[in-house]
Amino acid sequence: MRKQLLLLAGMLLAASAGFAQVISDFESDANGFADNGWGSGFTSVSRVADPSGNSSGVLQLSFAGGGSGVKGAIQKDNVEVNDAQAFTFWVWLPTGTPDSLDLKLWAQDDQNWSWNEKLYTTTGIPRDKWYPISFFMEQQFLNTGGSFNHHGNKLGKMGIEVANWNVSDKNWAGNIYIDNLSLVGVEPSVFADFEEGTDGYADNGWGTGLGSVTKVADPSGNSAGVLAVNYKSNDKGVIQVDNIVSKGNNLLVYWIWLPADTPDSIQFGLWAQDDSHWSWTEQLVYAYQIKKEVWFPIYYDLAAQKAKDANFDHENAKLGKTGVQIANWDESDKSWNGTFYFDNVGFAGIETGDKFVVADFEAIAGGAQNFIMASWSTVGTTIKRVNDPSDRSEGVLEIGTDFSKVTSDKKVYVAREGLSIYSIEAQKTATAISIDVWVPADAPLGGQIGFVVTGDAVGWSWNETPFLINDTTIVRGKWSTMKIDLTALVDSAVFDTTKNGNFGFQFRYGDDVNWVGAIYYDNLTLYDIPKPVGAVVSPAIQGSVQVSTAPGSAFEYVRLDWVDNTLGTETYNVYVSESPIADINDPAVQNIARGIPHGSQVWAHRPWSTNGDTKSLYYAVTAFDGSAETEVTSESKFGPVEIETSKTLKVTYDTTFAAKFSLDGLDDEFVDYKEYQLTPESANGGQSAGWTPESIDISYKVTFVIDKEYLYISADVTDDDLVRAPQTTQAWQGDALEFYFGFYDVNGLKELHGKSSPKTAGDWRIGFTSRATTALDGGDDAVVPGLEAAVFEKFSGDGYIIEGRIELAKFAPAEGGIEVKPGMVMPLRIDGNDMDPSFGDDARTLMAQFGGWDYFSQNEIISLDEHWKRPATFGLIEVVGEGGVGVDDVATSPTRFDLMQNYPNPFNPATRIMFSLARTSDVSLKIYDVTGREVTSFVKTGVAAGNHVYEFNGNGLTSGVYFARIEAGSFSKTIKMMLLK
């Protein structure tokens, strides 16, 4: 039914459109209200002190009569009302204000400019206290047949007119005070919808006027059930419900349907008793005021009753009883009978609860308001702050998408990370969170946007609530609101309120959709906590030089500590320089961390240099409030500090290497470059106790070579318990060696790449699994364009060999590309993920790292905000060497059964024997001496298709010729080997 849709619209749209309950509070100025010149009644309209002393400011209307028919009016233009049912002004009439003075609320919508008004008089309004007067927009919408259309989200004009038409003393002059223009019904809540029954409503027996009170079908045919009240005599009849929670709600609403022949004089007395003093209050509505044969809202203002009778206490807890009294005292024909219908009884109260709009994208300087697009977004193209396509507000967040970019797993994910839902000032937790979304009218139906809660606060679990793009839940071509309950997560201990959470939105379609376009987000809102107050300033910082305690290395780093601002939504930026910092815009000052969320209060910096020199460094920390960054102060700086830098890892630049490279599982072409071989420097996880860089549980040796076109990788991974089954885990869970590369030169960068830097900026996360697959961003198996690689399981079963080359042009930044030259320095982090299935592991239990901070987060309590997403925290690898003349690479990947020549050959005492299988096979590999005597034999069933390496050790054997023979199904082959001691 129409009223149900309006209630839903109120909940979905207005509830989180960025407005708190009060849209004009006059605390600092007149909030856009002014004398509109429609009469000479006002001598001034100004902000003054609150006569009650309860607020900082109110609007004073100074009225001077001086004759009959004097009037004055205030006006405000372009007021966003966002489908609210009504707006309310609170008015204060001083003692001496005459009765019968007109107070007329008026409004024009911004589409049809239809004029409508609601008249109050000062008669009946108490003096010297704040009292609410309301303009019921929903009633005007229905009464005018939609001509007055506030559902377009704006009123073109609205205000109050004061006139003395009926005042006996036409010369009266005095002040009227106005405060807290509020949206009413922004968050309607229904406690009786009659879909299943009468929801506790019944004839209370206070008269004989009712024949029955039952649940029946909706006369409009739009809902499952309504309450039918049969009126049958000239006596009164009363329906009642008990124990309704009213705390925090001021306006009670009944939706009513009257038959066309309902007599105009029938009374509907909306009444209530609080459950403390049982004070009775009632408000009459007559049938002539109600449009017939449509669902129409009638309101009972509990706050107005409270202002008149202090004993009426609905604010603390409950209404003991409430209902409707029906009577026809004034009707000449007392014999009329018929049925009235009621539905969706609830509150559309002024007190809608606190709201905190975390991000509204109004300020151009605020940009994306710390929203970040995930690197694994397959269809995301852009994320930026733009003008609102609907003109509802100044700015919104635009997410550009191209669903034709990929053929499967079409999705884009953006998130506001590191957000606290706990209010320090109010000492309470938000009960819900929402965001507005605009999906264009040309977007296909059938997709969905998942509202995701993840991050530290939920232990990195993925909690997703889907919202369907079906023109009901998410309506194309207009703003819709996605809102989720946080109370359930907190109460069930899923969400730890002492930690920050990530709140994200995953927009996806099926594989058959190739739509290209943009969607928009606005007004990320937390409910039932207030907007934080207070200034944002650069924090006072303390610094110290620390020495790592990681088992694989010892290096120095600078630790910075500070105390956050109390605002709660600010973020922090860290800068470094080799000279004192006075201005962060100085070219010598480099930003090394941006967007550190409130609650972190610590950062660590590991500086690097070519030779590991000692440097003297200066640091500064600033704050960002979503619009502007604070200035550096003497308290927000630290330094100079002397620190021994870490020596950059090296990668050899050799343009002749392409001719040597082969995807054969043998690292002979890398032997001359192992001077710069890399090993892990730390480990963390549940099984990290006792780990060393030589641990057989997980360790690795990695050698890099680079030329102008490719980065070449050779990695030997030791892992004593491999995952061989088909994929059940993602790459980050194990077993896999993951490389975090920055394919650009950090030399001279004014700002190191920040959190979740995209692939288009040259930041990649590439994984190689023990199952001979590749992966991106720690996720599922995936083909990585521009990567040629082969993974060979060691036939001994204790690890795997990785060889590959990366085509730099396909991984370089979209702007500027990459120019390889000696001296360039690139970010690098390596995670050796380990899962031991033989011990019952179903996820990673150990991780060996180079260039990561996981060990320090776990063991030294320096939890850098999502450091694995921040290239600025990675290690650095530097290009060395002068190169040569490159030639084309002719290497190919093995695609058949084969047994390759061992390497090295001759050998002493160990060598590697590589073979490839076109399909899963039983394998027999035997070694013979020159007489044909079998030296050793390895037999294995069900060896998976792919490339494999067997390490043969000739200890105990004499020098001479040996033969290796393989049999795999019908395939067999023999090679000759030479052992020289």
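Let us look at the structure shown here.

Before going further, it helps to examine the overall build of the protein. Across its full length, the protein carries five helices and 63 strands. In terms of overall dimensions, the protein has C-alpha extents of about 125 × 65 × 45 Å along its principal axes. Going through the 981 residues of the protein one by one, you find that 57% of them count as buried. The contacts in the protein between residues at least 6 apart in sequence include a share of 73% that link residues at least 24 apart. Working note: accessible area of the protein is about 37,800 Å², and carbon and sulfur atoms make up 48% of it. Side chains of the protein carry 73 positive and 129 negative charges; the gap between the two charge centres is 2 Å.

This part is about the packing of aromatic side chains. Considering all chains together, one arrives at 59 aromatic pairs under this definition. Look at Phe194 and Tyr201: their rings are 5.8 Å apart centre to centre, the planes differ by 65°, and that puts the pair in the edge-to-face class. Assessed through its relative accessible area of 0%, Phe194 is described here as buried. Looking at Tyr201, the relative accessible area reads 3%, which means it is buried. Three or more aromatic residues joined by ring pairs form one cluster here, namely Phe704, Phe739, Phe741, Phe743, Trp764, Phe768 and Phe811. For Arg805, the ring lying beneath its charged end belongs to Tyr710, and the centroid distance is 4.0 Å. Positioned over the ring face of Tyr740 is Arg829, at 4.9 Å from the centre of the ring.

What follows deals with the environment of Ser757. Mapped onto the elements of the fold, Ser757 is located in the loop between strand S49 (736-742) and strand S50 (763-769). When its relative accessible area of 11% is taken as the criterion, Ser757 is described as buried. Each C-alpha atom, one on Ser757 and one on Arg870, is 7.3 Å from the other, the two residues being 113 residues apart in sequence. Dropping the residues within four chain positions of it, Ser757 is found in contact with Asp763, Lys869 and Pro871. Here Asp763 takes part through its side chain, which lies 2.5 Å from a polar atom of the side chain of Ser757.

This part takes up the nonpolar core. Membership of the largest hydrophobic core comes to 88 residues, with the highest contact counts inside it found for Phe89, Phe268 and Phe342. Broken down by element, the residue count for this core peaks at seven residues, all from strand S17 (residues 251-257). Once residues within four sequence positions are removed from consideration, Phe268 is found in contact with Ile256, Leu258, Gln283, Leu284, Val285, Ala287, Ile290, Val324, Gln325, Ile326, Phe340 and Phe342. Val602, Tyr700, Trp764 and Ala848 belong to the second-largest nonpolar core, a separate cluster that totals 79 residues.

As a further point, take the sheet that holds strand S40 (residues 602-605). Strand order in the open sheet made by the three strands is S36-S37-S40, with antiparallel pairing throughout. Of all strands in the sheet, those with a lone pairing partner are strand S36 (541-547) and S40, marking the two edges. This sheet shows a mean twist of 20° between the axes of neighbouring strands, independent of strand direction. Taken together, the seven bridges between S36 and strand S37 (residues 556-562) define a ladder with antiparallel strand orientation. By the bridge assignment for S37, Val547 is matched with Glu556.

Moving on, we get to the side chain of Glu681. With respect to the helices, strands and loops of the structure, Glu681 is situated in the loop between strand S45 (649-653) and strand S46 (682-684). You can call Glu681 buried: its relative accessible area is 8%. Side chain to side chain, Glu681 and Arg606 meet in a polar contact 2.8 Å long. In contact with Glu681, not counting residues within four places along its chain, are Ala550, Pro551, Gly552, Ser553, Arg606, Trp691, Gln849, Phe850 and Gly851.

A separate point is the environment of Pro539. Note on placement: Pro539 falls in the loop between strand S35 (516-527) and S36. Classification of Pro539 as buried rests on a relative accessible area of 4%. For the pair formed by Pro539 and Gly39, sequence separation is 500 residues and the distance between their alpha carbons is 54 Å. Excluding residues that lie within four positions of it along the chain, Pro539 makes contacts with Trp562, Val563, Tyr572, Val621, Thr622, Glu635 and Ser636.

Under the definition given, this model contains 37 salt bridges. With a shortest N-O distance of 3.2 Å, Lys411 and Asp409 are connected by a salt bridge. Overall, the relative accessible area of 36% leaves Asp409 in the partly exposed class. Linked through salt bridges whose partners overlap, the residues forming this network are Glu417, Lys755, Asp865, Glu866, Lys869 and Arg870.

On to unusual backbone geometry, then. A cis amide bond links Gly639 to the next residue, Pro640, at an omega of 5°. Residue position: Pro640 is located in strand S43 (residues 637-644). Phi at Gln369 takes a positive value of approximately 55°, unusual for a residue other than glycine. Here Gln369 shows up in the loop between strand S23 (355-359) and strand S24 (371-373). Among the residues examined, Gln369 registers a relative accessible area of 9% and is labelled buried. Within the chain, Gln427 stands out as a residue other than glycine whose phi angle is a positive 55°. You can see Gln427 is positioned in the loop between strand S28 (422-423) and strand S29 (428-429). Judged by its relative accessible area of 53%, Gln427 is exposed.

Here is what the cut-offs are and how they apply
- Residues numbered from 1 in each chain as written.
- Predicted model: local features only at pLDDT ≥ 70, side-chain atom pairs only at ≥ 80, totals over all residues.
- Heavy atoms only, no water.
- Helix = DSSP H or I, 4+ residues; strand = E, 2+ residues; numbered from the N terminus.
- Buried < 20%, exposed > 50% of the residue type's maximum accessible area, 1.4 Å probe, protein only.
- Contact = heavy atoms within 4.5 Å.
- Areas by Shrake-Rupley, 256 points an atom, 1.4 Å probe, with all protein chains shown as cover.
- Lys, Arg positive; Asp, Glu negative; His and termini not counted.
- Charge placed at Lys NZ, Arg CZ, Asp CG, Glu CD.
- Phe/Tyr/Trp six-rings, centres within 6.5 Å; stacked < 30°, edge-to-face > 60°.
- Lys NZ or Arg CZ within 6 Å of the ring centre and 35° of its normal.
- Polar contact = N/O pair within 3.5 Å; in protein donor to acceptor, adjacent residues only side chain to side chain.
- Core = buried A, V, L, I, M, F, W, Y, C linked by side-chain atoms within 4.5 Å.
- Pairing = 2+ DSSP bridges.
- Axes fitted to C-alpha atoms, helices over the stretch in contact; angles between N-to-C directions.
- Salt bridge = Lys/Arg side-chain N within 4 Å of Asp/Glu carboxyl O.

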